[in-house]
Amino acid sequence: MGPNSSLGNITNLPLSDPKCNSDACLAFKAGHLASQAQISWASQFLYGHYITWYYLAIIFLAMLVYAHKLVQSRRLVSVPSNGTSVLNKALAFVRLISYRRIHGRLANIIGLPSLGMLLFVLITCLFLLLLAFIQRPYYRLHRGFGSPPLAVRTGLMAIALTPIIVALAGKVNFITILTGISHEKLNVLHRYASYMCLFLSIVHTVPFIVAPLKDGGLKQLHKQYYKKGGLEFTGTPPLGILVGLCVFSIPWIRHKSYSFFYRLHIPLYVTYLGLIFWHATQELDSWAYLWATLAIYLASITSRAFVKCQSFNVLRPWFQGYSAHLTPLSGDMTRVDVIVSTDFKWKAGQHCWLRFPHLSILHNHPFTIASLPKRAFSNTEKAYDDQTLRFYIRSYRGLTKALAVSTEKSDQALDRAYTIHVDGPYGGLIADLSSRYDQLIFVAGGGGISACLPLMLQAAIKISQGTASTNSIHLIWMVREEMHTEWAREELKTVISLTEGKLCEFNFFVTDSSPAKSSLRASGAVVPSAREIQASTAASTALGIGQLHYQRPFLLHFLPGMITGRRVMIFGKSSKD
Ligand SMILES: Cc1cc2nc3c(=O)[nH]c(=O)nc-3n(C[C@H](O)[C@H](O)[C@H](O)COP(=O)(O)OP(=O)(O)OC[C@H]3O[C@@H](n4cnc5c(N)ncnc54)[C@H](O)[C@@H]3O)c2cc1C
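On a predicted model such as this, the values are computed, not experimentally measured, just so you know.

### A closer look at empty space enclosed by the protein
Inspection of the entire model under this criterion finds 1 cavity of 30 Å³ or more. Space inside the largest cavity adds up to approximately 50 Å³. Elements that contribute at least two residues to the lining of the largest cavity include exactly helix 10 (232-248) and helix 12 (258-280). A total of 5 residues in the lining of the largest cavity trace back to one element, the largest contributor, which is helix 12. When the residues that make up the lining of the largest cavity are grouped by side-chain class, the tally is 6 nonpolar, 2 polar and no charged.

Structure follows, in C-alpha cells:
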C-alpha cells in the first residue's frame, strides 16, 4: 500500500470539512498556496529591513547636523550688526518649541521628554503603526495556511529594534560617536524604542492566539501552543521579560528602586536576548539582527571597560584608582577632588561615573566634572605632574548619603587620601558657548552649579585670551542657605579675576532659612523683576563676588530684564536634573 492510501479519504474533502486541515487535502493545499501567493511569509521579513533603514536614515541625518555643528564650532561667530536673520529667528522658534517640556503628575510619572524629542518619538510611532497595519489581510483563512502576516511582520519589526535599543543604551556607543548626541539623551530614545518593541511584540503575539482560537477553539490553541517545533511556546518567556523590563524602566518606578532596577536590567536583557535566539530559530535573516545586537553590546562594554574605565584602561596600570580628597561642605554637600594624570582629557560639561571602594565596590554613580583640565588655562603646552577632577556631590539616599556621613565622620577628611575609581568622561556639549554667544546666563539650583562652573571658567579663559564672542557672564544661583554660596567661591573668584570682573554679574538667591524670607512672604511681596531686584538693596547684600538676595527669583520675570545681548545662551541646571 502506498503512503497516500490512508489519506485517500481526505484528499478530496471540501475545505469546510474539519478533517481537511493539512496539505494532504487538496482544497486545503490550494487555499494554502493561494494565501501564500497573496502575501508570502518571506515577504514579511522585509519589514525588519524597513525599520533598520529608517533608523540608519535618522542616524545619517543626525551625522550631517553633527558635522555642520563641528565645522561651526571651529569658527568664531561675530554678532550680526544688521538685525537678526530670518534663519536665526526660525531657529530660535524651533528651539522655543522643541526644548519645552510638558509638566504635570502624569508627565513626571512616565518621564515625558522635551517636545522636540516627543515629536521624533511620535513620528517613529506613526511610521511603525503604518508599517504594521497598512498591509491587509492581517490573518490567513486558516492557521495552517501559515503564520498570520500581521504577526510575522510585527515580530520581525520587534527583532529589528533589538540592535537599535542596545545601541541607544550604551554609555559608549557608535550613535554617540557618529552623531555627537550624548548617551543621556539617547537613553530616553532607548526607553521609547523598548516600549515600541513591547507594543510590536504584543501585536505579534495576539494573532498567534486568535488564529487557532478561530480554527478550533481552546483545544486548537493548546495544540498549537505545545506543537513540536512551534514558536508560540518559546515566545512566551521573552515576552514576559520584556514586559518586566519596560515596566521597571518607567521613570516613576525606576526612581523608587534604582538599585534594584540597575542590578536587574542588564542580566534580564542578556537573558531576553538569549531567549530571542531560541525563539527566532534562525528563520531567514532573523538572527542577523541578534548577531548585530551582540556585536554592538560587546563593542560597547569592551570599549567602556578598556578605554573609559580608568582602572582597566589599556594605557594605565590595572586595578589602581586615583587618589582623592574629600571635603565636607555645608548643606549635605561633599567636594571630591580626584588627582588624575595629565593625559586624562575632558571637556567642560562632561561627567564621570565614580566608584568609592571604601564605601561600596559594587556601586558607581554619575557626577559632573566641575573643574577644567590644567591645559585649558594655558595657551602653551606646559608639563604638569597632575591635575584635579573636582566634583560637588549632594547627599541623597544610598551611596551619596554614605559618602557624606563618612566624610563628616573622618577627622582628617581634608588630609586623608582616598582611592576612587573613575569611569569616563562622558557627554558634554559640542559647541563652545563662548565662541557662539555674546551673553551667557547660567541658572543653577543648589548642586546644579557644578554643571555651570566649568562652562563659566571656559568662557572666562577665552575672554581673557581674547578669543571669545562672549562679552558678559551672568549667574543666577539659588541656594537654600547663605553659607552654600561658599561651595564654589574659589571657582567664581577665578572667573572674576580672569575677566577682570567687568563682564561678570553674579546673583545669589537664598531661598530658605533667611530672616528676610519670612518678612517678604508676610508682606505679600510681589515677585520682583530683574530691575526691581537690582534696585532693591533692602533684601540684598553684596557678597564680595556678587549680590545676595533673600528671596526666590521668579525667573519668568527676572530673566528677560537681564538679556542685553543678541545671541544669548541661557544654561539652566538644578540639582534634581
Ligand atoms: C549625568 C549626571 C550627572 C550628575 N551630576 C551630579 C553632580 O555633579 N552632583 C550631584 O550631587 N549629583 C549629580 N547627579 C545625580 C547623582 O548621580 C545622583 O544623585 C546619585 O547617583 C544618587 O545616588 P544615591 O546613592 O544617593 O541615591 P539612589 O537612591 O541610589 O539613587 C537616587 C537617584 O539617583 C539616580 N541614580 C542613581 N544611580 C545612578 C546611576 N548609576 N546612573 C544614573 N542615575 C543614577 C537615579 O535617578 C536614582 O533614582 C548626576 C546625575 C547624572 C545622570
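### Description of the site of the ligand
Taken together, 19 residues lie around the ligand, and H365, P366, R394, L399 and T400 are the ones closest in. Contacts to the ligand include R394, whose backbone N or O atom sits 2.7 Å from an oxygen atom. Burial of the ligand by the surrounding chains reaches 81%, relative to a free accessible area of 880 Å². Contributing elements (two or more residues each) for the shell around the ligand: helix 12, strand 3 (350-355), strand 4 (365-368), strand 5 (386-394) and helix 14 (399-409). Counting residues per element, the shell around the ligand draws most heavily on strand 4, which supplies 4 residues.

### Side note on the nonpolar core
Residues I51, Y55, M157 and L161 are the most contacted members of the largest nonpolar core, which totals 50 residues. Residue assignment for this core shows that the elements contributing at least two residues are helix 3 (46-73), helix 6 (115-133), helix 7 (149-169), helix 9 (183-225), helix 10, helix 12 and helix 13 (286-308). The residues touching Y55, leaving out its near neighbours within four places in the chain, are T124, L161, I164, A193 and M196. Y392, A451, F508 and Y550 belong to the second largest nonpolar core, which has 38 residues in total.

### A short note on the pairing of strand 3
Burial of strand 3 is extensive: 5 of the 6 residues sit out of reach of the surface. Relative to strand 6 (residues 417-427), strand 3 is paired through 5 bridges, and the arrangement is antiparallel. If you follow H351 over to strand 6, its bridge partner there is Y426. Where strand 3 lies against strand 4, 4 bridges are found, and the strand directions are antiparallel. Residue C352 lies in a different strand from strand 4, and its bridge partner there is F367.

### Quick notes on the layout of surface pockets
Reported here for the second largest pocket is a volume of approximately 1,200 Å³. Every residue lining the second largest pocket is counted, 49 residues in all, and those nearest its centre are R143, S147, F208, Q224 and E232. At the level of secondary structure, the elements contributing two or more residues to the lining of the second largest pocket comprise helix 7, helix 9, helix 10 and helix 12. At 13 residues, helix 9 tops the list of elements feeding residues into the lining of the second largest pocket. Among the residues forming the lining of the second largest pocket, the class breakdown is 21 nonpolar, 19 polar and 9 charged.

### Thoughts on the state of the cysteines
The full count for this structure, using the stated rule, is 1 disulfide. Here C20 connects covalently by a disulfide to C25, the sulfurs 1.9 Å from one another. An S-S torsion of about -90° defines the bridge between C20 and C25 as left-handed. Looking at C20, the relative accessible area reads 2%, which means it is buried.

Conventions used here
Residues numbered from 1 in each chain as written. Predicted model: local features only at pLDDT ≥ 70, side-chain atom pairs only at ≥ 80, totals over all residues. Heavy atoms only, no water. 1 Å grid on protein atoms, 1.4 Å probe; cavity = no way out; pocket = protein on both sides within 12 Å on 5 of 7 lines; lining within 4 Å. Points joined across faces, edges and corners; volume = space filled by probe spheres on them. Helix = DSSP H or I, 4+ residues; strand = E, 2+ residues; numbered from the N terminus. Nonpolar A, V, L, I, M, F, W, Y, C, P; charged D, E, K, R; others polar. Near = heavy atom within 4 Å. Polar contact = N/O pair within 3.5 Å; in protein donor to acceptor, adjacent residues only side chain to side chain. Areas by Shrake-Rupley, 256 points an atom, 1.4 Å probe, with all protein chains shown as cover. Core = buried A, V, L, I, M, F, W, Y, C linked by side-chain atoms within 4.5 Å. Buried < 20%, exposed > 50% of the residue type's maximum accessible area, 1.4 Å probe, protein only. Contact = heavy atoms within 4.5 Å. Pairing = 2+ DSSP bridges. Disulfide = S-S within 2.5 Å.

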